[in-house]
Amino acid sequence: QIVIVAGAGSKEPLDYMAHYGLIDIPIHFMAGLNDKLIPAKDCLKHYKVLHRVSPHLATCKPFQGRGHVDFTYGLDGAMSHEIFLHCAPAPPAPT
């Protein structure tokens, strides 16, 4: 059995979702709705948590009919286009 020791000597892994409020860069989540390795619901869960604390930093695009291999090899033009659309500076935080 592998034990993960977090910063303060805890044997419990860090609950990073509880720290999403510290994220200050945009994150674009992409989910393949046919992904059997990382189900789309898991990706969407992370999107919803970040969107709740920093809606201006979280965007999401699910892809119908796509699976893990489609993301791994990146041969799909629509998926590549989606990535390049989000390679820009973060929008300013709402005031």
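The numbers attached to residues start from 1 for each chain and follow its sequence in the written order. Reporting of local features is limited, given that this is a predicted model, to residues whose pLDDT is at least 70; pairs of side-chain atoms are given and counted only at 80 or more, and all residues count toward the totals for whole chains, interfaces and linings. Only hydrogens and water are set aside when side-chain values are computed; all heavy atoms of the structure are taken into account.

(A) Region of interest: the overall build of the protein. Only DSSP runs of H or I with at least four residues qualify as helices, and only runs of E with at least two residues qualify as strands; both kinds are numbered from the N terminus onward. Per the secondary structure count, the protein includes 3 helices and 2 strands. The buried share of the protein, taken over its 95 residues, is 21%. The long-range fraction of contacts in the protein, counting pairs at least 24 apart against all pairs at least 6 apart in sequence, stands at 63%. By element, 62% of the accessible surface of the protein is carried by carbon and sulfur atoms, the whole surface being about 7100 Å². Under the scheme applied here, a residue whose accessible area is under 20% of the maximum for its type counts as buried, over 50% as exposed, and between as partly exposed, the area being computed with a 1.4 Å probe on protein chains only. Any two residues having at least one pair of non-hydrogen atoms within 4.5 Å are treated as being in contact. Methods summary: accessible areas were calculated by the Shrake-Rupley approach with a probe of 1.4 Å, and residue burial reflects only the protein chains presented.

(B) A look at the nonpolar core. Residues belong to one nonpolar core when they are buried, are Ala, Val, Leu, Ile, Met, Phe, Trp, Tyr or Cys, and are joined through side-chain atoms within 4.5 Å. Counting residues in hydrophobic clusters, the biggest one holds 8 residues: Tyr-20, Phe-29, Ala-31, Ala-40, Cys-43, Val-49, Leu-50 and Ala-58. Of all elements in the fold, only strand E1 (27-32) and helix H1 (40-53) reach the threshold of two or more residues within this core. With 4 residues, H1 is the largest single contributor of residues to this core.

(C) Quick peek at the environment of Ile-27. Structurally, Ile-27 is set in strand E1. Judged by its relative accessible area of 25%, Ile-27 is partly exposed.

(D) Looking closely at the confidence of the model for the protein. pLDDT expresses how confident the predictor is about each individual residue, on a scale running from 0 to 100. Across the protein, the average pLDDT comes to 82, with 83% of residues at or above 70. Within the protein, the element-level pLDDT minimum falls on helix H3 (residues 77-85), averaging 79, and the maximum on H1, averaging 95.

(E) Looking closely at the packing of aromatic side chains. Note on aromatic contacts: the rings of Phe and Tyr and the six-membered ring of Trp form a pair at centre separations within 6.5 Å, being stacked when their planes are under 30 degrees apart, edge-to-face when over 60 apart, and tilted otherwise. This structure, assessed with the given rule, holds 1 aromatic pair. To sit over a ring, a charge needs its Lys NZ or Arg CZ within 6 Å of the ring centre and within 35 degrees of the ring normal. Geometry around Phe-63 places Lys-61 over its ring, the cationic atom sitting 5.7 Å from the centre.

(F) Representation of the side chain of Glu-82. Within the secondary structure, Glu-82 is located in helix H3. Those residues in contact with Glu-82, other than ones at most four positions away along the chain, are His-28, Met-30, Lys-61 and Phe-63.

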